[in-house]
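# Topology and contacts: notes
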Amino acid sequence: MYGVLGLLLTSGENLMSRVMCVSSAAGVCSSSVEQKIYVELNETVPCVRLLNATHQIGCQSSMSGDTGVLHVLETQSDLDWILSSGPHPPYMVIMETAFFNRSVMMRMKNSSRVSGVAVIVSKTGLAQNFSPHTTCPNQNTGVYVYSESYGSELANCNVTVWNPLGNGLSYEDFSFPVFALKDENQTQVIRKCYEDHNQRVNGSAPHYPLCAMQLFSHMHAVTDTVTCMRRTDLQNRFSINPEVLCDPLSDFNVWTSTRPLNSSAKGHAANESVVIAAARLDGRSFFWEQAPAAEGTVSGIITLLAAIQALYPVTQEAPPPRNIFFTFFQGEAFDYIGSSKMVYDMEKNDFVIDLKNVHSILEIGQVGLHSGRSLWMHSDPVSRKNDSVNEAVSEMMNRMESAAAGLSVSVGHPSFSQPLPPSSLQRFLRAGPIPGLVLADHQKSFSNRYYESMYDDAENLNVTYPPGLTPDEQLVYETDAAKVCDSCGCVAQLLYGFLVQKNNSWFRSLLLSAGPGPPQFYIGLGPRIHGPVHSVTRFVQYILANLTGTVTNLTESQCQNPSELSTENKDLFSYFWVSGPASVNSTGEPFCVRASVRLSEAVSPAFELLEYGSRNYSTWTESRWKSIRARIFLVASRELEVMQHRWS
Amino acid sequence: MNLERIPNEEKLSLCRRYYLGGFAFLPFLWLVNVLWFFREAFLKPTYTEQLQIKSYVKKSALGLIVWVAVLTTWITIFQHFRAQWGEVGDYLSFTIPLGTA
């Protein structure tokens, strides 16, 4: 009903404004009638639709938006008002933080009186734990899959439930739009409209005109990835104006090595025995492009970057017998996109090394919340039944223990029969038995109470800064977290840059400036859609170049085309044109850095093989949409609407 | 065209042409035939050609009813089951709506 009224209002005022435009002498139109009716909400954080081989998840709105009368959900009686007793359905629910949980959302989903939800995102009223992810992350694409013979008794989290606090909200399919209200000022505007018009006086229902909100987030893709890709193909082949319906999630992995590897020589590298040190680069949450992922991802990234920074000069002076291959995998939240692609390339001999070159793997999982300074080394019990693998793994564990003893950090190993937590190592094990360890701060289930949610931020990691510091002072302030092991002072800067503010002076000196606020780790759609490389991937790439590269005195054009010079080798190194540190007076002098840091594509092999219904590889795609916006306005009573119908 | 001023043989030949044309998968010709010649066939006083015109109109009406029944049935089935047919439904469709199954 309100949608119809809204539509009539929109079309009516569009007509009126056009008439006014035509008759206006100056010829300048500003659609002022529209501005008098609607208040556009500029900061919108929607929930979008994602699809995989068999399901669709996320939220969908009608093509012309969903409208509903505003009601703020603060108490249980509000919930009853919305779901059963309120006289003006459908309602647009403004949900306080405390009510954003599975039971309330499922009741909203099953009710026909709810036309949309806007969740207030704040720390007040936040529950002790909130994880919208599933209880057993990536259970169908790890190494312990029920249908396979490899450890099927360990499948589906039979032994350990890794994320017991997970409520699975991110993987539900909602037929109404769900937006997040992050901007406090905007939330105030909405609350004021509600208090002025919609508030109940002495328990009786409020009168018209009422404050209503309209949310637009119409998604184009439906059903699953197979259907959506098929329809996109049909459109491309037969339609005059082809429309793409969905895009695969893709981005890049970042890798580097202590001894440079020849990137033009693919397949097995002769005389190379490589130890892989890996971490993941992405996260997710219920809402689109929101993923602070502090404990889930940033802790691993910073640990690995700090390790690289400490190890690199040592390995250049005294090279170890084995090459160390550092890699950051993108897309691990969505069925291991990055690591499955790298393993696939290695199996196809399309990568600089192959699986026979890999000696062992050390992966850094969630390491930020270790209480009492204890870390755990997880290993795979099934591969350890093989004696040689077991020996290698035991040797790795002994080395870790002896290294940790000197640092007053205790490392333990959980029980032998416990499987690996969700980690990229599982994808390597699918290809063959490789000795590997996953370092984590949890022995059994995750210590992270906000796994893959919007609340997994700096505060979750206890990284806080005293008030009153300027951004530059905050950049170098050593929080308690940074004091752990920081030989260069760059851990503090990394923590600040990855958790609090990505537009800081260090990042700006490496590459062009980024937007305000902390970086978000959602994988996104890759360079075909979003222009150059995703910001987080680029940060890690340039930071690695800064930490491990050498400054050269090439000019800018030489830096872009180093193959013309005989002293430079484009196969072994990549060349970065870096803007240089900015001082007060000048913007800094750019220079060329040579480093052996490279990107490798992180798109699921299912899209290369065109097996959109694959059970072995990730098939996640993100739907496309035309416009996502929100606005509030006043609606008139139903009698007025009926009269309008009669007259027209 | 005003049928008043045409001689009866021409009326008959027009009706026959529309009747025969409808067999080329053109049921609208039959619809036009029925609507146009209804008065001529049933409401005018008798003349020699009227018997044949009457038979053509009746047969056109019959063909029209068959076409309407077939099309209605097919359209109802297609609109109801297209989403469930998956791949076949997509290949049979000219435009597929965005965002709904």
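Positions within a chain are numbered from 1, following the residues in the order the chain's sequence is written. As they are written, the chains are lettered A onward and the ligands numbered 1 onward, keeping that order. Owing to the predicted nature of the model, reporting of local features is limited to residues with pLDDT of at least 70; listing and counting of side-chain atom pairs is limited to 80 or more, with chain, interface and lining totals taken over all residues. In computing side-chain properties, one takes all heavy atoms of the structure into account and sets aside hydrogens as well as water.

Where an unreviewed UniProt entry is consulted, chain B appears under the name Gamma-secretase subunit PEN-2, with the organism given as Cyprinus carpio. Taken from UniProt, the Subcellular location (unreviewed entry) comment for chain B reads in full: "Golgi apparatus, Golgi stack membrane". Among the UniProt annotations of chain B, the heading Sequence similarities (unreviewed entry) holds the following wording: "Belongs to the PEN-2 family." UniProt positions are given in the numbering used here, feature names are shortened, and annotations may be inferred rather than shown by experiment.

Per an unreviewed UniProt entry, chain A goes by Nicastrin and derives from Cyprinus carpio carpio. Per UniProt, chain A has the following entry under Sequence similarities (unreviewed entry): "Belongs to the nicastrin family." Under the UniProt heading Subcellular location (unreviewed entry), the entry covering chain A gives this text: "Membrane".

## Considering the side chain of E96(A)
By secondary structure assignment, the location of E96(A) is in the loop between β6 (91-95) and α4 (102-110). Taking the relative accessible area as the measure of exposure, E96(A) reaches 17% and is therefore buried. Counting from the N terminus, the helices are the DSSP runs of H or I reaching at least four residues and the strands are the DSSP runs of E reaching at least two. Exposed residues in this analysis have more than 50% of their type's maximum accessible area, buried residues have under 20%, and partly exposed residues fall in between, with area computed by a 1.4 Å probe over protein chains only.

## So, the pairing of strand β9 (residues 178-181) of chain A
Residues and elements named next belong to chain A. Residues of β9 alternate between two faces, with V178 and A180 on one and F179 and L181 on the opposite face, all of them buried. The sheet contact formed by strand β2 (residues 45-46) and β9 spans two bridges and is antiparallel. Paired with P46 across the strands is F179, a residue of β9. Pairs of strands are assigned from DSSP output, requiring at least two bridges between the strands. Bridge count for strand β7 (residues 114-120) against β9 is four bridges, and the pairing is parallel. By the bridge assignment, V117 is partnered in β9 with V178.

## Re the state of the cysteines
Residues and elements named next belong to chain A. The disulfide criterion is simple: two cysteine sulfur atoms within 2.5 Å. This structure, assessed with the given rule, holds five disulfides over all chains. Across the disulfide from C136 sits C157; the S-S distance is 2.0 Å. A torsion of 90° about the S-S bond marks the disulfide between C136 and C157 as right-handed. Of this pair, C136 sits in the loop between β7 and β8 (173-174) while C157 sits in the loop between β7 and β8, and the two are 21 residues apart along the sequence.

## Thoughts on helix α3 (residues 50-81) of chain B
Residues and elements named next belong to chain B. Between its terminal C-alpha atoms α3 stretches 46 Å, which fits the 46 Å expected from 32 residues at 1.5 Å a residue. Within α3, burial applies to Q50, I53, Y56, V57, S60, G63, L64 and F78. Looking at the buried positions of α3, the neighbouring elements they touch are α1 (8-21), α2 (27-43) and α4 (87-92). Expected helix span is given by 1.5 Å per residue-to-residue step, counting one fewer step than there are residues. Contacts were defined at the residue level, with two residues in contact if any of their heavy atoms lie within 4.5 Å.

## Re the sheet that holds strand β19 (residues 550-552) of chain A
All names here are of chain A. Spatially, the three strands line up as an open sheet ordered β19-β21-β20, and their pairing is antiparallel. Each having just a single partner strand, β19 and β20 (574-578) make up the two edges of the open sheet. Across the sheet, the mean angle separating the axes of adjacent strands is 35° when strand polarity is ignored. In terms of strand pairing, β19 meets strand β21 (residues 591-595) through three bridges, oriented antiparallel. Interaxial angle, 0 to 180 degrees, is taken between N-to-C directions of lines fitted to C-alpha atoms, where a helix line uses only the stretch in contact.

## Structural notes on the interface of chain B and chain A
With eleven residues of chain B at the interface, the matching set in chain A holds 13 residues. Buried area: the sum, over both parts, of the accessible surface (1.4 Å probe) that disappears when the two are put together. Carbon and sulfur atoms supply 56% of the area that chain B and chain A bury against each other, a total of about 920 Å² over both sides. Looking at the side of chain B facing chain A, the largest losses of area belong to D90(B), L98(B) and G99(B), adding up to 59% of the total buried there. By definition, a salt bridge exists where a carboxyl oxygen of Asp or Glu is found within 4 Å of a side-chain nitrogen of Lys or Arg. Our enumeration of links across chain B and chain A arrives at two salt bridges. Residue D90(B) is joined to R230(A) by a salt bridge in which the shortest nitrogen-to-oxygen separation is 2.6 Å. A 3.5 Å cut-off defines polar contacts: any pair of N or O atoms within that distance qualifies, except that in protein one atom must be a possible hydrogen donor and the other a possible acceptor, and neighbouring residues in sequence count only when both atoms are side-chain atoms. Taken together, the connections running from chain B to chain A amount to seven residue pairs in polar contact (both at pLDDT 80 or more). Any residue outside Ala, Val, Leu, Ile, Met, Phe, Trp, Tyr, Cys, Pro, Asp, Glu, Lys and Arg is labelled polar, Gly included; the first ten of those are nonpolar and the last four are charged. Partitioned by chemical class, the residues of the side of chain B that touches chain A number five nonpolar, three polar and three charged.

## Considerations on the packing of aromatic side chains
All names here are of chain A. Whether two aromatic rings pair depends on their centres lying within 6.5 Å, for rings of Phe, Tyr and Trp, where Trp uses its six-membered ring; planes under 30 degrees apart make the pair stacked, over 60 edge-to-face, and the rest tilted. Counting across every chain of the model gives 37 aromatic pairs over all chains. Measuring from centroid to centroid gives 6.1 Å for F329 and F428, while their planes differ by 50°, and the two rings are tilted. Remark: F428 occurs in helix α10 (residues 425-431) and F329 occurs in strand β14 (residues 323-329); sequence separation between them is 99 residues. This pair shows no difference in class: F329 is buried, exactly as F428 is.

## Describing the packing of α2(B) against α3(B)
Residues and elements named next belong to chain B. Direction vectors running N to C along α2 and α3 enclose 145°, while the axes themselves pass 8 Å from each other. In the crossing of α2 with α3, the sense of the turn from one axis to the other is left-handed. The residues of α3 that touch α2, namely those facing P27, W30, L31, N33, V34, F37, E40, A41 and F42, are Q50, I53, K54, Y56, V57, K58, S60, A61, G63, L64 and W67. Handedness of a crossing is defined here by the sense of rotation of the near helix relative to the far one, left-handed for an anticlockwise turn of less than a right angle and right-handed for a clockwise turn.

## A word on the pattern of salt bridges
Applying the stated rule across the entire model yields 26 salt bridges over all chains. Notably, a salt bridge pairs K44(B) with E40(B), separated by 2.9 Å at the nearest N-O pair. Here K44(B) falls in the partly exposed class, since its relative accessible area comes to 27%. Linked by salt bridges that have partners in common, K341(A), D345(A), K348(A) and E608(A) make up one network.

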